[in-house]
Amino acid sequence: MSTDIQNYISDFDRLKNDDWFANSRQSALNLFKDTGFPNSRLENWKYTDVRPIKKKSFSNVTEAAVSVSTEEINTIRFDGLDCIEVVFINGVFSKEHSSLDDLDNGLVVENMLDALSNDQDLLAKHLTKYADDKVSPFTALNTAFIQNGTFINVSANTVIEKPINILYLAKDSNGSLATHPRNLIVMGEGSEATVIESYIGLDDANYFTNAVTEVALSSSAILKHYKIQQESLNAYHIGNLNVMQGKDSKFESHSISLGGALVRNDIHGQLAAEGAEIIMNGLYMTGDKQHVDNHTRVDHLKPHTLSTENYRGVLNGKSRAVFNGKVIVHKDAQKIEAHQNNANLLLSDDAEIDTKPELEIYADDVKCTHGATVGQLDQNMLFYLRSRAIDEETARSLLTYAFADELISNINFAPIRNRLERLVIGQLPDAALIREFTNE
Amino acid sequence: MLNIQDLHAKIGNKEILKGLNLSVNAGEVHAIMGPNGSGKSTLANVLAGRNGYDVTKGTVEYEGKDLLELAPEERAWAGVFLAFQYPVEIPGVNNVYLLKAAVNAVRKYRGQTELDAVEFLGLIKEKMKIVKMKEDLLNRSVNEGFSGGEKKRNEIFQMSVLEPKLAILDETDSGLDIDALKIVSEGVNSLRNEERSIILVTHYQRLLDYIKPDHVHVLSNGKIIKSGGPDLALELEEKGYDWIKEEAA
Ligand SMILES: Nc1ncnc2c1ncn2[C@@H]1O[C@H](COP(=O)(O)OP(=O)(O)OP(=O)(O)O)[C@@H](O)[C@H]1O
Ligand SMILES: [Mg+2]
C-alpha cells in the first residue's frame, strides 16, 4: 500500500459505514488500496498523468457549511426551462435548492443516501453492476464513498417530459476538497427521460471531483443524457459513465467538456441485446494548460446493434487533449453498424491532440467506419469572410464557433441547445462579437 | 480610382503577374479577357488581399491609398469587392448574419450608424428583388449546398447589398444559365454609376452584350497585352487570342 492514499483511508475511517452496503464499500476501498492510482505505464492512462491528483491530499471533509444563494444558482439554470432539480454543494445534497416534491407517478429521484434506505432492492440489483471497480481505480475509490449522488428510477412505460437537472457545484472548497458523486439511473421498459449532469465550479479553486454514473436501460427505453463539465480551471475531474442497454433501447450521450485543469471522461456503453443503439456526441474546448482526455468504449455484444460517435475538439494555448474511441464487435454480433468520427481544430501551435480510434472486430458481417482529423482554420473560408468586411479576429472566432456548433446544432432540445451554444460562444476570444452575429 | 503599375506577383517561385499595368477611372467598366492560366484570378486575388502571393515589384493605388498595404477587411471597408470565381462554402455560418455583419462593418468604417434588424431586412428585401434571390438560400449556411449558379448569384446579391466602389467580378458569368446571366447582368447594371468602377473578368463576349464595357483588355502571360473598346471583345470572339499574342511578341 502506498502512502499517497492515506488521506482517502482517513476519510473512509470517518465515514459512517454501517448500512447494508458497508461491505461493498469496504471491498472497494481494499481494491483501491491494492492498486493505488493508475500510472502512465498502463495503456489506458498512457496520455494522462494523474500524479497531480495523487500528490495532493484531497479529502471529502468540509469544515464549514458553504452556502450558495438561489441567485447564484439561477445564473447557471436553463432559463425558462421547467426542470426537476437535484443540487449538490461540495458533494453534499442540498435539500433546500433541490425540487423533488410532486414528482410524476412512476418517477423516483432522490439522493443516493436516501435511496440506500428507501430503495434497497433496486440498488442491490443495479448499483455497482455496470461500473466495474476493477477497471478503474477511480471507480473503486468512488464506490468506497457511495453516499451522495442521484438515484433515478423511471418505471416501465413512463415518459418523463421535464428534464432532470443534476447540479454538482463547488464553492469555497479550501483547495483540498474531494467529492465522489455516484449516480444511478434505472430506466424501465419503454420509459423515456432526459437527464443533465452538470459539474460546475463557482470559483477558481483546486478541488477533485471523482464522479461515477451507472445507467441501465430495459428494452425500448430511451434516455437522453447530457454531461456539462464546467469545473473550475484549477480543478481535477474524473468522470465515468457506464451504460447497459437492453433490446431496442436507445441511449444518447452529449458530453460537453469546457472546464478543469486535468480532466478525464470515460464512457462505456454495452449494447447487450438486439436493436440497442448508442449515440455519443462530445465537444471539448481547451485552452491554457488544460488537459482533457476523452475515452469511450462501446461493446457490440449482440447482432443488429448500432453505435454512432462524433467528437469534436477545439484546442488553444498550450492545452492538450486526448481522444480514444474503442469499438469492440464481439463474436456473433453480426449486422451491426459502428460509426466513429473525431475532428479537431488546433488554434495554436502549442496545443496538442492525441487521437486514436480502436476497432476490434470479431464478427464478419459488420459495417464500421471511423475517421479522425486534425486541422487549422480553413484559409479559403477565412479569406472569404475577410473579403466580406469581417475583421480577422471575428472571422477566426466565427469559423471556430461554426466548427464547434456542428455538434451542438444537432441537439434538438432547444433550451439545452441554446444554453450550450452560449457556453461555447463564451469560450471564444470574441464572445461578444459572435453573440451579435448569432443572436437574431 | 485604381491605378496598377508594373505589378509583379509570385506564388512560391512561380511568377504569375509579370509587369501588369491597368488604370480604372471612377464610373468605368473594364472587361479583362484572356487565356486560361494567364493570371486573371491572380490579379483579382492580389487586389482583394488574399495571402500567399508575393508582390515583388510594382504598385497598386486605390483612391490615393496604397492598396497592397491594407488587410483584406480594410479593403472591403474601403469599398473593394471581389465576386469569387469559386465561392467557398462555409458550413455553420449563416448567409444573412454574414451580410448583416458585413454591411455594418462597412457602415461603421464610413462613420454611419449601424442598421438594426428591421432596417437591414428592408435593405435585403429590396436587393433580393433585383437579383431574384430565392429566400430559402438566405437562411442557409454561406454557399453550402448551393448550385454553381446559385453561388454566383449569391455573390452578386452580396455585392448589391454592400454597394462597393470597386467591384471585381471573376467569371461571374461562367456556369450561369441564360436567364440567370440576364438577371445577374441587370444586377450589375443597376449598380453602375459615375462613382463606381467595375472590373469584369470573363471569357465570353455574351456577358458584354448585357454589360457594355468602356474598355476591354487582354491579359496574357501575366501582362495586359492589348487594350481597346467593346469592339475588341467581338474581334476576340471571332479570332481567338493567337493573333494578339503574335502581335505582342
Ligand atoms: N496556389 C498556386 N500554386 C501554384 N500555381 C498557381 C497557384 N494558383 C494559381 N497558380 C497558377 O497561376 C497561373 C494563373 O492562374 P489564374 O488562376 O490567375 O489564371 P486565370 O487567368 O484566372 O485562369 P482561368 O481563366 O482558367 O480562370 C496558372 O498557371 C495557375 O496554375
Ligand atoms: Mg480565373
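Residues numbered from 1 in each chain as written. Chains lettered and ligands numbered in written order. Predicted model: local features only at pLDDT ≥ 70, side-chain atom pairs only at ≥ 80, totals over all residues. Heavy atoms only, no water.

Draft legend 1. Inspection of the overall build of chain A at higher detail. Of the regular secondary structure elements, chain A holds 11 helices and 20 strands. Here the C-alpha radius of gyration of chain A, 21 Å, is about what a compact globule of 440 residues would show, namely 22 Å. Overall, chain A is about 70 × 55 × 50 Å in size when its C-alpha atoms are taken along their principal axes. Among the 440 residues that make up chain A, the fraction classed as buried is 58%. For chain A, restricting intrachain contacts to residue pairs at least 6 apart in sequence, the fraction spanning at least 24 positions comes to 83%. Counting only carbon and sulfur atoms, one obtains 44% of the accessible surface of chain A, whose full area is about 17400 Å². (Helix = DSSP H or I, 4+ residues; strand = E, 2+ residues; numbered from the N terminus. Rg over C-alpha atoms; globule rule 2.2 N^0.38 Å. Buried < 20%, exposed > 50% of the residue type's maximum accessible area, 1.4 Å probe, protein only. Contact = heavy atoms within 4.5 Å. Areas by Shrake-Rupley, 256 points an atom, 1.4 Å probe, with all protein chains shown as cover.)

Draft legend 2. View of the pairing of strand β10 (residues 222-230) of chain A. Residues and elements named next belong to chain A. Among the 9 residues that make up β10, 7 are buried, leaving the element largely enclosed by the rest of the structure. As defined by bridge partners, strand β8 (residues 192-201) adjoins β10 across 9 bridges and the pair is classed as parallel. Along β10, the bridge assignment pairs Glu 197 with Lys 227. Inspection of the sheet shows β10 paired to strand β12 (residues 250-257) by 8 bridges, in the parallel sense. The residue of β12 that forms the bridge with Leu 223 is Phe 251. (Pairing = 2+ DSSP bridges.)

Draft legend 3. Quick look at the sheet that holds strand β4 (residues 54-62) of chain B. Residues and elements named next belong to chain B. As summarised here, the arrangement of the 4 strands in space is β2-β1-β4-β5, forming an open sheet in which the pairing is antiparallel. Bordering the open sheet on either side are β2 (14-24) and β5 (65-66), each of which pairs with just one other strand. Two strands pair when backbone bridges link them, and strand β1 (residues 2-11) and β4 are joined in this way by 7 bridges, in the antiparallel orientation. Following the sheet pairing, Asn 3 is matched in β4 by Glu 61. Contacting β1, β2 and β4, helix α1 (residues 40-48) crosses the sheet at an angle of about 110° to β1. (Axes fitted to C-alpha atoms, helices over the stretch in contact; angles between N-to-C directions.)

Draft legend 4. Spatial organisation of the coordination of the magnesium ion (ligand 2). All names here are of chain B. With distances of 2.0 to 2.2 Å, the protein atoms coordinating the magnesium ion (ligand 2) are Ser 41 (OG) and Gln 85 (OE1). Linking Ser 41 in helix α1 with Gln 85 in the loop between β6 (80-83) and β7 (90-94), this pair joins segments that are 44 residues apart in sequence. By relative accessible area, which is 23% here, Ser 41 ends up partly exposed. (Donors = N, O, S within 2.8 Å, 3.2 Å for Na, K, Ca; no water.)

Draft legend 5. Broad picture of the sheet that holds β6 of chain B. Residue and element names in this part refer to chain B. Spatially, 6 strands are ordered β6-β9-β10-β3-β11-β12 in an open sheet, and the strand pairing comes out mixed. With partners counted over all chains shown, the strands left at the sheet margins are β6 and β12 (223-228), one partner each. Averaged over all neighbouring strand pairs, the angle between strand axes comes to 20°, with direction disregarded. Of the pairings in the sheet, the one linking strand β3 (residues 29-33) to strand β10 (residues 197-201) comprises 4 bridges and is parallel in character. Bridge pairing in β10 places Ile 32 opposite Val 201.

Draft legend 6. Quick peek at the interface of chain A and chain B. Listed by partner, the interface residues are 20 residues for chain A and 34 residues for chain B. Summing the contributions of chain A and of chain B, the shared interface buries around 2300 Å²; its carbon and sulfur component is 65%. It is Phe 383, Tyr 384 and Arg 388 of chain A that lose the most area in chain A upon contact with chain B, and together they represent 33% of the buried surface on that side. At the boundary of chain A and chain B, one finds 2 salt bridges. Residue Glu 73 of chain B is joined to Arg 386 of chain A by a salt bridge in which the shortest nitrogen-to-oxygen separation is 2.6 Å. Run the count over chain A and chain B and you get 10 residue pairs in polar contact (both at pLDDT 80 or more). (Buried area = accessible area lost by both parts, 1.4 Å probe. Salt bridge = Lys/Arg side-chain N within 4 Å of Asp/Glu carboxyl O. Polar contact = N/O pair within 3.5 Å; in protein donor to acceptor, adjacent residues only side chain to side chain.)

Draft legend 7. Layout of helix α9 (residues 230-239) of chain B. All names here are of chain B. For α9, the set of buried residues is Leu 232, Ala 233 and Leu 236. Take α9 and look down its axis: the buried residues cluster within an arc of 100°, on one side only. Along α9, the residues that are exposed and aim more than 90 degrees away from the buried face are Asp 231, Glu 237 and Glu 238. Looking at the buried side of α9, the elements it contacts are β3, α8 (205-210), β11 (215-220), β12 and α10 (242-248). Trailing α9 by a residue or two, Gly 240 shows a phi angle of about 75°, which is positive. (Arc of directions from axis to C-beta.)

Draft legend 8. Fine view of unusual backbone geometry. All names here are of chain A. Unlike most non-glycine residues, Asn 157 shows phi in positive territory, near 55°. Of note, Asn 157 is situated in the loop between β4 (150-154) and β5 (164-170). For Asp 248, which is not glycine, the phi torsion reads 55° and is therefore positive. On the basis of relative accessible area, Asp 248 is assigned to the partly exposed category, the value being 39%.

Draft legend 9. Structural view of the site of ligand 1. Residue and element names in this part refer to chain B. Around ligand 1 lies a shell of 14 residues, among which Gly 37, Lys 40, Ser 41, Thr 42 and His 203 are the nearest. At a separation of 3.2 Å, an oxygen atom of ligand 1 approaches a polar backbone atom of Ser 38. Here an oxygen atom of ligand 1 sits 3.2 Å away from a polar atom, N or O, in the side chain of Glu 171. For the shell around ligand 1, the elements supplying multiple residues, two or more each, are β2 and α1. Among the elements that line the shell around ligand 1, the one with the most residues is α1, at 3 residues. Residues of the shell around ligand 1, tallied by class, amount to 3 nonpolar, 8 polar and 3 charged. (Near = heavy atom within 4 Å. Nonpolar A, V, L, I, M, F, W, Y, C, P; charged D, E, K, R; others polar.)

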